[in-house]
Amino acid sequence: MNKPIGSVRPSAILIPLIFLLCAPGRGQEQPPDPAQAPVLRYEIWADLDEVNKTLRGREDIVWTNRSAEPVGDMVFHLYWNAFKNEASTFLREARAETLWSRGAAPRDGEWGWIDVTSVRLADGPDLTPTMEFLSPDEPANPDDRTVMRVVFPEPVQPGDTVRLHLEFHSKIPRTVARSGYYRNSFFIAQWFPKPGVYEEGRGWNAHEYHQNSEFFADFADFVVHLTVPRDFVVGSSGKQTGIRVDEERGKTTYTCRQSMIHDFAWTAGDRYIKVERDFVADEEVTAEEYERTAELLGLPLEEVKLPNVRMILLFAPEHRKQIDRHFRALRAAIKYYGLWYGPYPYETVTMVDPPFRTGSGGMEYPTLFTAGTRVLPSRDVLSPEGVIVHEYGHAYWYGLVATNEFEEPWLDEGFTTYSTGRVLAVAYGPGAQPVSYNRIPLNSIFRMPKLFDFELNRAAAINIARFDPVTAWSWKFYNTASYGANVYMRAATLLETLERLLGEPTWARIMRTYHMRYRYKHPTTADFIAVVNELAGTDMTWYFEELLFATHDFDYGIASVSSLEKPRRLRGVFDVDGKKEEMTSKRIEALESEAAADPDGPAPKEYITTVVLRRFGEARVRGDARVEVLVRFKDGSTETRFWDGQDRWARLEFVKPVQVDWARVDPQGVWLIDANLANNSRGVDGLRKNVVRLMIRFFYNVQCVLQSLSAWS
């Protein structure tokens, strides 16, 4: 299956990358702040032709100019034109990307496209003659048709509203990325003409559809009417509020509504089975959990209480035995995301076991997401659980905090990957990596070690820094592997490291504050850094400069450890009582013999222990941060020192009546992003110990490579 990088749980692609790259209640929607009222309102009518695999649609758009400048045009995304021909930016980039043969275009007769046949203002003027296609990105591609512009007869003044009526005709693609059909199963996403985001002083933010990019849009109120064959089951964003049957045509029209979301996706097919259950907060969260959460976050108890949520599952009949696994994972996600980051504000969430061969698995949309499973799942592998927790998590970092995924994908994918690992760890513990042959799971035969997500994320994070900064724009990464490992795994590892550095109470309040402060907004990396600095009480900008914006490896280690006996006497000429006396080897030998004959015995031996620290990587700790060094001696005693880590090396010396056993940097495991843990500790017989560690690390990584490659077979 040709899945986009965003369509799989990160651990499923983790090791191949390393290998290749070495609070409202139910029925009470949260009322938006007037300042946050959506700038857009949609009403869309779509009629599915299941035989010819087409859509015919009408769309009314109401847009308010919230900027302080007149706006003379509107720019739309027409995403399905990425699948119209091989000249599109998406397929050009896919053709150049050889990783896992991702460059495959649709076969003959299976192309997808969207034609806007009419655009006019609600009061009559026809804008269709002004339509033109734009190529806003570099390198320019005048053949791309995924960004369209229309010009208004007169600019829309600040505070004014414009109403447009569009008509469009689309051919549903036979699955390239995220949308498609297989027989009578359809998953429909990025399917309607969608305005970009108007940014004051910059104009319309509307990039072409790139292979690695996802999406960016304004919050809106949606009313959508979906007309499908009468025997089809429909799942969609929002809540179904009306059903009308047309017996003559054999069609059913479903009306769906949702306020304050920035996209709308749906699925329809004749094989779906629909099951609905409720997340009942009082049954899922104990009073003690509420109290602990409120205390940790420093919030009133009422602010951490969760609402009930209607959970809807659409699944394939062959996966019937996995219904409970799906709902258990979704309940855990609703609970922990809600407690940690803020209550889920919508009435419903729809979980889709995606239609076979539609390429739609593991993707997120407001109030709806797709998971993905197999007929024979493994008990020890957290699948579909990992995908469910991850894709639901996008409801927070993509859905509610609507960052620009074209330009700052790490703010969604990295935060979601980090949060997924936390939820899975609390709800399930570690999981095994999948082992399969011809899609048949073999984990019951091969018992593989169980690992936490943060361990898997780290394995990719430490091997990718030299290619690109985490903060690169989505289509400007070295390749798909660099994109995936950076914006998913390295970003998640950097967040995990920051949590360990700042401590749980501070970090919990940072994440909660960032999420709730920027709900229904479009925050940037600078906004997140500002929240970190505010709540940490210190300037952590250096952390982001060193590890997100730069391509620096972080690697502190122990270069050498030694203990040498301290001589009791030293040779040479010394001033004694105003005279110069020479201490010779012969005299020292005589004095030592006398000391040995003393009934009290010689004075205890002392040892000079030397520990040499190294900064192997280019990244440096700065600000108040220090590298902790723990030194253990043969008698079990320890000493702790702290190094500012600025120079390439530092030497520590200890004088003690006992020899050193070993030394270790970062004994608390704070710096999870450290590229080479094998050099973090070293004993006096350091070569042997480090060779053992390196061999263990080597065989572990080989094992993970083979497991992950088998999962993709």
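Everything numeric in this text was worked out from a predicted model, so none of it was measured. (Residues numbered from 1 in each chain as written. Predicted model: local features only at pLDDT ≥ 70, side-chain atom pairs only at ≥ 80, totals over all residues. Heavy atoms only, no water.)

A.B. asks: How would you summarise the overall build of the protein chain if you had to cite specific residues and measurements?
C.D. replies: Within the protein chain, the secondary structure is distributed over 15 helices and 35 strands. Carbon and sulfur atoms make up 50% of the accessible area of the protein chain, which totals about 29600 Å². (Helix = DSSP H or I, 4+ residues; strand = E, 2+ residues; numbered from the N terminus. Areas by Shrake-Rupley, 256 points an atom, 1.4 Å probe, with all protein chains shown as cover.)

A.B. asks: Report on the pairing of strand E1 (residues 40–49), specifying residues and quantitative values.
C.D. replies: Alternating residues of E1 divide into Leu40, Tyr42, Ile44, Ala46 and Leu48, all buried, and Arg41, Glu43, Trp45, Asp47 and Asp49, none buried. Bridge count between E1 and strand E13 (residues 220–229): eight bridges; the pairing is parallel. Across the sheet, Asp47 pairs through a bridge with Thr227, a residue of E13. When E1 meets strand E2 (residues 54–64), the two strands line up antiparallel, connected through ten bridges. What sits directly across from Ile44, in E2, is Glu59. The loop that links E1 with its antiparallel partner E2 comprises four residues; one of these, Lys53, has a positive phi angle of about 60°. (Buried < 20%, exposed > 50% of the residue type's maximum accessible area, 1.4 Å probe, protein only. Pairing = 2+ DSSP bridges.)

A.B. asks: Give a description of the nonpolar core that names residues and reports values.
C.D. replies: General note: in soluble globular proteins, nonpolar side chains tend to be found buried as a group. Judged by nonpolar contacts, the single largest core of 174 residues is most densely connected at Trp63, Leu164, Trp191, Trp266, Tyr392, Trp410 and Phe528. Ranked by residues supplied to this core, first place goes to helix H6 (residues 323–341) with twelve residues. Among the domains, domain 1 (37–270) and domain 2 (556–688) are the pair contributing at least three residues each to this core. Leaving out residues up to four positions away in the same chain, Trp410 has contacts with Phe415, Val470, Thr471, Val487, Ala491, Leu495, Thr525, Phe528 and Leu548. Counting eleven residues, the second-largest nonpolar core is a separate cluster that includes Phe187, Tyr272, Tyr365 and Leu368. (Core = buried A, V, L, I, M, F, W, Y, C linked by side-chain atoms within 4.5 Å. Domains from an automatic or database assignment. Contact = heavy atoms within 4.5 Å.)

A.B. asks: Outline the sheet that holds E1, listing residues and values.
C.D. replies: Each strand in a sheet pairs with its neighbour through backbone hydrogen bonds, running either in the same direction (parallel) or in the opposite one (antiparallel). Ordered in space as E4-E7-E2-E1-E13-E16-E15, the seven strands form an open sheet in which the pairing is mixed. The sheet terminates laterally at strand E4 (113–121) and strand E15 (239–246), the two strands that pair on one side only. Each adjacent strand pair in this sheet contributes to an overall mean axis angle of 15°, direction not counted. Relative to strand E7 (residues 161–171), E4 runs antiparallel, the two sharing eight bridges. Bridge assignment links Val116 to a residue of E7, and that residue is Phe168. (Axes fitted to C-alpha atoms, helices over the stretch in contact; angles between N-to-C directions.)

A.B. asks: Describe the packing of aromatic side chains, listing the residues and the values that go with them.
C.D. replies: Within the structure shown, the criterion is met by 54 aromatic pairs. A centroid spacing of 6.1 Å and a plane angle of 70° characterise the contact between Trp340 and Tyr341, whose relative ring orientation is edge-to-face. Residue Trp340 is classed as buried on the basis of its relative accessible area of 15%. Where Trp542 meets Trp671, the ring centres are 6.5 Å apart and the plane angle is 50°; that geometry is what we call tilted. Of this pair, Trp542 sits in helix H13 (residues 541–547) while Trp671 sits in the loop between strand E34 (660–665) and strand E35 (681–683), placing them 129 residues apart in sequence. Of the two residues examined, Trp542 and Trp671, each falls in the buried class. (Phe/Tyr/Trp six-rings, centres within 6.5 Å; stacked < 30°, edge-to-face > 60°.)

A.B. asks: Talk me through the sheet that holds strand E5 (residues 132–133); I want residue IDs and the actual numbers.
C.D. replies: Pairing in this open sheet of four strands is antiparallel, and the strands run E5-E6-E3-E10 from one edge to the other. Every other strand in the sheet has two partners, leaving E5 and strand E10 (194–195) as the edge strands with one partner each. The pairing of strand E3 (residues 71–77) with strand E6 (residues 147–156) spans six bridges and is classified as antiparallel. Bridged to Met74 within E6 is Val150.

A.B. asks: Describe in detail the pattern of salt bridges, supporting the description with residues and values.
C.D. replies: Side chains carrying opposite charge are able to pair once their charged atoms draw close together. Using the criterion set out here, one finds 35 salt bridges in the structure. A salt bridge links Glu199 to Arg202, with the shortest nitrogen-to-oxygen separation between them at 3.0 Å. By relative accessible area, which is 45% here, Arg202 ends up partly exposed. Among the salt bridges present, the one from Arg622 reaches Glu545, with a minimum N-O distance of 3.2 Å. Of this pair, Arg622 sits in the loop between strand E30 (607–615) and strand E31 (627–633) while Glu545 sits in helix H13, and the two are 77 residues apart along the sequence. Look at Arg622 and you get partly exposed, because its relative accessible area is 26%. Overlapping salt bridges, with partners in common, bring together Asp47, Glu50, Arg249 and Lys251 in one network. (Salt bridge = Lys/Arg side-chain N within 4 Å of Asp/Glu carboxyl O.)

A.B. asks: I'd like to hear about the side chain of Thr525, residue by residue, with values.
C.D. replies: Within the secondary structure, Thr525 is located in helix H12 (residues 525–536). Overall, Thr525 belongs to the buried group, its relative accessible area being 3%. A polar atom in the side chain of Thr525 sits 2.6 Å from the side chain of Glu408. Beyond its immediate sequence surroundings of up to four residues, Thr525 is in contact with Glu408, Trp410, Leu411 and Phe549. (Polar contact = N/O pair within 3.5 Å; in protein donor to acceptor, adjacent residues only side chain to side chain.)

A.B. asks: So what's going on with H6? Residues and values would help.
C.D. replies: Relative to the 27 Å expected for 19 residues at 1.5 Å per residue, H6 spans 27 Å between its end C-alpha atoms, a close match to the ideal helical length. The element H6 is extensively covered by neighbouring structure, given that 16 of its 19 residues are classed as buried. In the segment just after H6, Gly342 is the residue with positive phi, at about 140°. (Expected span 1.5 Å × (residues − 1).)

A.B. asks: Can you explain the packing of H6 against helix H11 (residues 504–517)? Please cite residues and give values.
C.D. replies: The packing of two helices is summarised by the inter-axis angle and the distance between the axes. H11 packs onto H6 with a crossing angle of 90° between their chain directions and a minimal axis gap of 8 Å. The orientation of H6 relative to H11 falls into the category roughly perpendicular. Contacts from Gly338, Leu339, Trp340 and Tyr341 of H6 reach H11 at Met511, Arg512, His515 and Met516. The residue makeup of the contact of H6 with H11, split by class, is five nonpolar, two polar and one charged. (Parallel < 35°, antiparallel > 145°, perpendicular 65-115°, else oblique. Nonpolar A, V, L, I, M, F, W, Y, C, P; charged D, E, K, R; others polar.)

A.B. asks: Give a description of the packing of H6 against helix H8 (residues 410–427) that names residues and reports values.
C.D. replies: Following both chains from N to C, one finds H6 and H8 inclined at 115°, their axes separated by 10 Å at the closest point. Taken together, the axis directions place H6 and H8 in an arrangement best described as roughly perpendicular. The two elements H6 and H8 meet at a crossing, and its hand is right-handed. Mapping the contact onto sequence places Arg328, Ala332, Ala333, Tyr336, Tyr337, Trp340 and Tyr341 in H6 and Thr416, Tyr418, Ser419, Thr420, Arg422, Val423, Val426 and Ala427 in H8. Each residue belonging to the contact of H6 with H8 can be placed in one class, and the counts come to ten nonpolar, three polar and two charged. (Left-handed = near helix turned anticlockwise from the far one by under 90°.)

A.B. asks: Outline a nonpolar patch on the surface, supporting the account with residue identities and numerical values.
C.D. replies: On the surface, Leu570, Phe574 and Val576 cluster together to form a nonpolar patch covering roughly 240 Å² of accessible area. Within the element layout of this structure, Phe574 appears in strand E28 (residues 572–576). (Patch = residues over 30% accessible without salt bridge, like charges linked within 9 Å, V, L, I, M, F, W, Y side chains within 5 Å.)

A.B. asks: Explain H12 to me, and be specific about the residues and the numbers.
C.D. replies: Helix length check: H12, at twelve residues, gives a terminal C-alpha distance of 16 Å against a target of 16 Å (1.5 Å per residue), a fit within 8%. Those residues of H12 that sit buried are Thr525, Phe528, Ile529, Val531, Val532 and Asn533. Packed against the buried residues of H12 are H8, helix H10 (480–502), H11 and H13. A positive backbone phi angle near 75° is found at Gly537, which sits one or two residues after H12.

A.B. asks: Tell me what's going on with the environment of Gly429, and back it up with residues and numbers.
C.D. replies: Mapped onto the elements, Gly429 comes out in the loop between H8 and strand E23 (431–432). Note on Gly429: relative accessible area 16%, which makes it buried. In sequence terms Gly429 and Phe452 are 23 residues apart; their C-alpha atoms lie 7.0 Å from each other. Aside from chain neighbours lying at most four places away, what touches Gly429 is Leu382, Leu424 and Phe452.

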